[in-house]
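# Breakdown of the fold
Here are the chains, one letter per residue:
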Amino acid sequence: MKPFAPAAVLVGAILGLAAVTGCSPAPRNAGPLRATPYTAASAPGGCPTAASLPLPKDFPADLPVPEGALVTSVEHRTGGRLIVATVVRSGFDATLAFLHEQLPKAGYAPKDGEVEQDDAESNFSSTTVRGRWALRKMPDCEGGVYLTYLTSAIS
């Protein structure tokens, strides 16, 4: 798999998350999306250096996030969908192991996941939340990975 520019990888992850979870773009008459755009400043090697955004209040409190994850963007979509993009500096394998171990411990059941050399993704659900995570290696940041969560409350 060829490395992509970080922005292209993030956009691809978000679009892929929306497609796999059955989410569709907002209808034209739904009004503007409530998004919190944010672009983290990067060091010369491509690693974010800006301070993390806080996790939004509507992010599931019991959904595990790796320690030290830098929240780089938050986007609220129609239908109560929430996209939180992070950068984790503990490496691909360690972050993948964290997700595989900690989500089930917190009550989130994985479903339909796959792992490739430089990316992985999986759906997950609990009694109150359904979602998807996507993990992608960062080509210009030693040990850095993009970890994106797409969540929505189960009604």
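Now for a quick tour of the structure. What you see is a predicted model; the values in this text were computed from it and never measured.

What the protein contains, in helices and strands, is two helices and seven strands. In the protein, the order of α-helices and β-strands from amino to carboxyl end is α-β-β-β-α-β-β-β-β. Within the protein, buried positions represent 42% of all 155 residues. Long-range pairs, those at least 24 residues apart, make up 53% of the contacts in the protein between residues at least 6 apart in sequence. A total accessible area of about 8,500 Å² is found for the protein, and carbon and sulfur atoms account for 56% of it.

To continue, consider the side chain of His76. Its location among the elements puts His76 in strand 2 (residues 70-76). Residue class for His76 comes out buried when judged on its relative accessible area of 16%. A distance of 3.0 Å separates the side chain of His76 from the side chain of Asp58, its partner in a polar contact.

Let's shift gears to the pairing of strand 7 (residues 145-153). Within a regular beta strand, the side chains point alternately toward one face of the sheet and then the other, so they alternate between its two faces. Of all nine residues in strand 7, eight are buried; the element is thus mostly enclosed. Pairing between strand 6 (residues 129-137) and strand 7: nine bridges, direction antiparallel. Across the sheet, residue Val129 finds its bridge partner in strand 7, namely Ala153.

Turning to helix 2 (residues 92-105), a few remarks are in order. Between its first and last C-alpha, helix 2 extends 20 Å over 14 residues, near the 20 Å set by a 1.5 Å rise per residue. Residues of helix 2 that are buried: Phe92, Thr95, Leu96, Leu99 and Leu103. The first or second residue beyond helix 2 is Gly107, which carries a positive phi of 95 degrees.

We now examine the packing of aromatic side chains. Applying the stated criterion across every chain yields a total of two aromatic pairs. A ring pair is formed by Tyr108 and Phe124, whose centres lie 5.6 Å apart and whose planes are at 80 degrees; its orientation type is edge-to-face. Of this pair, Tyr108 sits in the loop between helix 2 and strand 4 (109-115) while Phe124 is found in strand 5 (residues 119-125), placing the two residues 16 residues apart along the sequence.

Moving on to the environment of Ser122. Note that Ser122 resides in strand 5. The spacing of Ser122 and Leu135 is 13 residues in sequence and 9.1 Å in space, taken between C-alpha atoms.

Among soluble globular proteins, nonpolar side chains are generally buried collectively. Counting 22 residues, the largest nonpolar core has Phe124, Trp133, Leu135 and Tyr149 as its most contacted members. For this core, the elements supplying multiple residues, two or more each, are strand 2, strand 3 (82-88), helix 2, strand 5, strand 6 and strand 7. Counting residues per element, this core draws most heavily on helix 2, which supplies four residues. One finds Cys47, Val87, Met138 and Tyr146 within the second-largest nonpolar core, a separate group that totals five residues.

Reading the values: rules and limits
- Residues numbered from 1 in each chain as written.
- Predicted model: local features only at pLDDT ≥ 70, side-chain atom pairs only at ≥ 80, totals over all residues.
- Heavy atoms only, no water.
- Helix = DSSP H or I, 4+ residues; strand = E, 2+ residues; numbered from the N terminus.
- Buried < 20%, exposed > 50% of the residue type's maximum accessible area, 1.4 Å probe, protein only.
- Contact = heavy atoms within 4.5 Å.
- Areas by Shrake-Rupley, 256 points an atom, 1.4 Å probe, with all protein chains shown as cover.
- Polar contact = N/O pair within 3.5 Å; in protein donor to acceptor, adjacent residues only side chain to side chain.
- Pairing = 2+ DSSP bridges.
- Expected span 1.5 Å × (residues − 1).
- Phe/Tyr/Trp six-rings, centres within 6.5 Å; stacked < 30°, edge-to-face > 60°.
- Core = buried A, V, L, I, M, F, W, Y, C linked by side-chain atoms within 4.5 Å.

Any functional reading would require information beyond the geometric quantities listed.
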